Amino acid sequence: QMAAMASRRFFSSASEKFTVAMVPGDGIGPEISAAVKKIFAAAQAPIDWVDVDVMPTFINGKSVIPPKARDAILKHRLALKGPLGTPIGKGHKSLNLLLRQTFGLHANVRPCKSIVGYKTLYNDVNTVIIRENTEGEYCGVEHEVVPGVVQSIKLITREASMRVANFAFEYAKANGRTTVTAVHKANIMKASDGLFLECCKEVAPRYPSIKFEDVLLEKACLEMTLNPNQFDVLVMPNLYGDILSDLSAGLIGGLGLTPSGNIGTDGLAIFESVHGTAPDIAGQDKANPTALVLSGVMMLRHMGLRDYGDKIEAGILGVIADGKVRTGDLGGKATCSAFTEAVCARINSL
């Protein structure tokens with residue numbers, strides 16, 4: 001359903017090429033972004049890339065995305081983003097948060113699916129975590145009440161909660177999923193998480209074919225590590241989604257294998273790798289581009305280009321499954337360049 005809506009929005013001709021904003025990012029970002037471009041070219045995906053720099057600038061005392069980058073993303077309505085660094089505890093607003101708020105990217109979608117041929121402690125993991133992306137503890141409002149006392153605001157609104165709840169059920173319906181589970185702490189935060197849970201319960205009856213459950217955050221973490229196969233689609237406020245999506249990524253091999261998409265209204269979306277900038281290996285041709293490539297696959301499916309996405313996914317997962325050419329984080333010794341070439345060769349053989 002999402003892909004069908006997007007395809008009508010993005011495409012007027014099957015032979016047309018489409019422009020996507022590429023945000024290379026920091027650290028290893030430029031290397032894995034270059035790998036993505038090579039792999040997309042090997043698959044002959046009809047994408048033209050325009051590189052944009054989203055490093056914030058100050059306008060009227062406020063940190064904002066540079067107008068040139070903002071206009072490019074608004075024009076093309078799609079971006080693929082490498083990792084961005086945010087200094088910790090220095091007073092800088094998270095650049096990822098700024099992007100989500102600037103472009104109204106209200107839902108973060110994080111699939112976690114076991115990769116055939118790459119052994120972890122868990123088999124057949126296949127969950128999707130949908131995270132409210134714009135508010136909660138990450139609304140960015142903090143202040144010092146008196147010296148030594150700091151207050152941070154947790155903002156939950158009915159509008160945002162209804163929006164992400166509707167999105168989760170629509171996603172489940174469109175992707176053949178059977179269950180949506182709301183994760184919350186309404187037993188303690190009765191007003192804020194209570195409102196979020198109330199909105200999920202209000203949406204659920206509109207989707208009688210989809211089972212609805214709710215679970216406390218700590219029990220969700222416990223059950224996820226005991227048996228992740230019991231979960232399907234999970235929807236939750238911002239902070240909980242940040243925690244659970246990374247926990248889930250650990251079940252399948254880490255953030256280097258996990259795609260992510262941030263979906264806004266009217267199809268505008270930014271897809272991204274959610275791992276760090278890895279400054280210790282930047283520029284050394286050691287990075288693993290898998291997460292950014294798979295995020296690109298999510299983007300292609302969002303655009304309605306499922307055949308190209310399937311081909312690229314089969315290529316990269318096939319190389320990982322073979323086990324002969326893997327980067328260091330996957331237990332191999334291959335360079336990013338060698339891994340990329342192996343994926344391209346695999347795609348060409350399909």
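So, how was this worked out
- Residues numbered from 1 in each chain as written.
- Predicted model: local features only at pLDDT ≥ 70, side-chain atom pairs only at ≥ 80, totals over all residues.
- Heavy atoms only, no water.
- Pairing = 2+ DSSP bridges.
- Helix = DSSP H or I, 4+ residues; strand = E, 2+ residues; numbered from the N terminus.
- Axes fitted to C-alpha atoms, helices over the stretch in contact; angles between N-to-C directions.
- Contact = heavy atoms within 4.5 Å.
- Buried < 20%, exposed > 50% of the residue type's maximum accessible area, 1.4 Å probe, protein only.

### Observations concerning the sheet that holds strand E1 (residues 18–23)
Now for step 1: Taken in spatial order, the ten strands of this open sheet run E2-E1-E5-E14-E13-E6-E7-E12-E10-E11, and their pairing is mixed. A single partner strand is all that each edge strand has here, and the edge strands are strand E2 (47–51) and strand E11 (211–216). The average undirected angle you get between the axes of adjacent strands in this sheet is 25°.
Now for step 2: In this sheet, strand E13 (residues 259–263) lies alongside strand E6 (residues 107–113) in antiparallel orientation, the contact comprising three bridges. Along E13, the bridge assignment pairs Ala107 with Ile263.
Now for step 3: Across the sheet, helix H2 (residues 29–42) lies against E1, E2, strand E5 (78–81) and strand E14 (269–273), angled at about 160° from E2, the strand it touches most.
Now for step 4: Sheet strands touched by helix H3 (residues 67–76): E1, E2 and E5. Its angle to E5, the strand with the most contacts, is close to 120°.

### Examining unusual backbone geometry
Now for step 1: Phi at Arg77 takes a positive value of approximately 70°, unusual for a residue other than glycine.
Now for step 2: Position of Arg77 relative to the elements: it lies in the loop between H3 and E5.
Now for step 3: Using a relative accessible area of 24% as the deciding quantity, one classes Arg77 as partly exposed.
Now for step 4: The backbone phi angle of Asp266 is positive, close to 60°, even though this residue is not glycine.
Now for step 5: Judged by relative accessible area, which is 53%, Asp266 ranks as exposed.

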